[in-house]
Amino acid sequence: MTGARGPVLPVLVPATGGLLFGYGTAAIAGVLPLVAERYGLSAWLQGVVVSAALLGAALTAPTSGRLADRFGRRPVIMAAAAAFAAGTAVSAVADGPAVLVLGRFLVGLALGAVSFAVPLYLAEISPPERRGSVVTINQVMITVGMLAAYLVPYALQSGGAWRWVLAVGIVPAVVLLAGMAAVPESPSWLAGVGRVGPARAAAAALGLPPVPAEGAAAAPEPGGATGFRAALAAAGRRRVALGLGIAVLVHLTGLNTAIYYAPTILAASGFTHAGSVLGSVLVGVCNLVAGLVSMALLDRGGRRPLMVGGLAVMAATAAAVAAAQLVGAGGGATVLLLCVFILAGAVGPAPVFWVFAAEIYPRRARGALMSLATAAHWAADFVVASTFLPLVRALSLGGAFVVYAAVTLTAALLLARWMPETKGISLDDSNTPTPVARV
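Not measured: the values here are computed from a predicted model.

Colleague: An account of the pattern of salt bridges is requested, with residue identities and associated values reported.
Modeller: Going through the model one piece at a time under the given rule, you end up with four salt bridges. Taking the shortest distance from any N to any O, the salt bridge between E124 and R73 comes out at 2.9 Å. Of the two residues, E124 sits in helix α4 (residues 97-124) while R73 sits in helix α3 (residues 73-92), which places them 51 residues apart along the sequence. Using a relative accessible area of 2% as the deciding quantity, one classes R73 as buried.

Next up, the structure:
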């Protein structure tokens, strides 16, 4: 299938990984109140159920980067899809919290691989002038998956329906597994391991310019893998520090707590269970709209303005959420503020991180270092998600958002000083990309 600006199938199929990612991370939000009631889970155990997948993802990401460099992007995505389906099945049939946590951990192992391999693959099969919008299709699909994760629990509100809510996640996993068998491998990866002929054939199939002979790595390591030590040397400490810093800061803002715990936050603001799930659907719609806006803006406005501007709006909105809780504003105000908070995050920090991480590193170090950044990304997500409910108990919901507001404002100020613009760079000439030479 070909569109006016290039083949569509090689973009839509891997972007299904975004749908899998979004549903896999957010499905637990809609079922958490039901599971907590069913098994009598404490606040701490609820945090364990939510964060088990995030811990699995943080553990898998570094290894999957080495595997993607050695065997290619497609095999890693396909293996992750199969693992996700298996973990989802275990979660859906769980007969107690221990098995549910195990299933969610297995889901996380898959998410750690797919969350970095899909945007990396999309970045490498897209021309520089469209890379931001193409990679952001993955972010849009993530928001579609999250919205579906809110809609399905709303449609199935009976006590035992949580199993079906989780089981639905098998569908995008099967689609991704089957679809990736029909799309080409990344031409950039093929060239990087010295397979110039297949790289040119893949580039032709994708509607990309021919891969020049000099685009191949002069002396690729066995299997194309680059060790972390060699990758760190190739990229330089400042690039690595910047990539890791952004990976962590995106989650320390508390953005994903508003997604994972949306029904819980709204219930604490006075909504009934059904009302909190419906409010979460509205939050999901806001997230989807933001993803579409980001797709339109990334290649026009650039990465840096969206990142810094998004963080600034998030800081202001988090402070407003705290103020609303302090003065006892109604649940409607909380829904509105959460929507603005998520809109700002989903337009700026969330999609910009994935595009920026694919652009800032040299090609031979890209798989290893992007997976390292992804691991840091998930580790920060794990810490924030697992500490949210205890933080709320210790400081109140308003107090938790005061912390997020302070961290987000600090992140905006730091990145306004240190983050370079990477819009328009070539990924095939990325040993010392000109736009980030000063990093």
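Colleague: Summarise helix α7 (residues 170-180); cite the residues concerned and give the values.
Modeller: Every buried residue of α7 is accounted for by P172, A173, L176, G179 and M180. Projected onto a plane normal to the axis of α7, the buried residues spread over an arc of 140° and lie on a single side. Residues of α7 that are exposed and point more than 90 degrees away from the buried face comprise V171 and A178. In the core, the buried residues of α7 are packed alongside α1 (9-39), α3 and α4.

Colleague: I'd like to hear about the packing of helix α11 (residues 237-252) against helix α17 (residues 349-360), residue by residue, with values.
Modeller: Pairs of packed helices are described in terms of their axes, by the angle between the two and the distance that separates them. Relative orientation of the contacting elements α11 and α17 amounts to 160°, with a least axis distance of 10 Å. Taken together, the axes of α11 and α17 lie roughly antiparallel to each other. As for the relative orientation of α11 and α17, their crossing is left-handed in sense. Contacts between α11 and α17 involve R239, L242, G243, I246, A247 and V250 on the former and, on the latter, P349, F353, F356 and I360. Grouping the constituent residues of the contact of α11 with α17 by class yields eight nonpolar, one polar and one charged.

Colleague: Quick rundown of the environment of A83? Include the residues and the values.
Modeller: Positionally, A83 belongs in helix α3. Residues A83 and L106, spaced 23 residues apart in sequence, show a C-alpha to C-alpha distance of 7.1 Å. Excluding anything up to four places from it in sequence, A83 contacts L106 and A110.

Colleague: So, the nonpolar core: which residues are in play, and what are the values?
Modeller: Of all hydrophobic cores here, the largest spans 132 residues; its most connected members are L111, I246 and F401. Looking at this core, the element that brings in the most residues is helix α18 (residues 363-418), giving 19 residues. Residues within four places of I246 in sequence aside, it is in contact with M307, F353, F356, L415 and M419. Grouped together as the second largest cluster of nonpolar side chains are six residues, W189, L190, V193 and A199 included.

Colleague: Break down the packing of α1 against helix α5 (residues 131-155) for me, citing the residues and quoting the values.
Modeller: Direction vectors running N to C along α1 and α5 enclose 35°, while the axes themselves pass 6 Å from each other. Like other packed secondary-structure pairs, α1 and α5 cross with a definite hand, here right-handed.

Colleague: Break down the packing of aromatic side chains for me, with residues and values.
Modeller: Using the criterion set out here, one finds six aromatic pairs in the structure. A centroid spacing of 5.4 Å and a plane angle of 55° characterise the contact between F21 and W378, whose relative ring orientation is tilted. Of this pair, F21 sits in helix α1 while W378 sits in helix α18; the two residues are 357 residues apart in sequence, bridging distant segments of the chain. By relative accessible area, W378 is classed as buried at 1%. Measuring from centroid to centroid gives 4.7 Å for F353 and W354, while their planes differ by 65°, and the two rings are edge-to-face. Look at F353 and you get buried, because its relative accessible area is 1%. Connected via pairs of aromatic rings, a cluster forms that spans F341, F388, F401 and Y404. Residue placement shows R417 over the ring face of W418; its charged tip is 4.2 Å from the ring centre.

Colleague: Tell me what's going on with the state of the cysteines, and back it up with residues and numbers.
Modeller: A complete count under the given rule lists one disulfide for this structure. At a sulfur-sulfur separation of 2.5 Å, the disulfide partner of C286 is C339. Negative torsions about the S-S bond denote left-handed disulfides, and the value of about 80° found for C286 with C339 makes this one right-handed. Of this pair, C286 sits in helix α14 (residues 273-301) while C339 is found in helix α16 (residues 331-347), placing the two residues 53 residues apart along the sequence. Of the residues examined, C286 reaches a relative accessible area of 13% and is grouped as buried.

Rules of the game
Residues numbered from 1 in each chain as written. Predicted model: local features only at pLDDT ≥ 70, side-chain atom pairs only at ≥ 80, totals over all residues. Heavy atoms only, no water. Salt bridge = Lys/Arg side-chain N within 4 Å of Asp/Glu carboxyl O. Helix = DSSP H or I, 4+ residues; strand = E, 2+ residues; numbered from the N terminus. Buried < 20%, exposed > 50% of the residue type's maximum accessible area, 1.4 Å probe, protein only. Arc of directions from axis to C-beta. Contact = heavy atoms within 4.5 Å. Axes fitted to C-alpha atoms, helices over the stretch in contact; angles between N-to-C directions. Parallel < 35°, antiparallel > 145°, perpendicular 65-115°, else oblique. Left-handed = near helix turned anticlockwise from the far one by under 90°. Nonpolar A, V, L, I, M, F, W, Y, C, P; charged D, E, K, R; others polar. Core = buried A, V, L, I, M, F, W, Y, C linked by side-chain atoms within 4.5 Å. Phe/Tyr/Trp six-rings, centres within 6.5 Å; stacked < 30°, edge-to-face > 60°. Lys NZ or Arg CZ within 6 Å of the ring centre and 35° of its normal. Disulfide = S-S within 2.5 Å.

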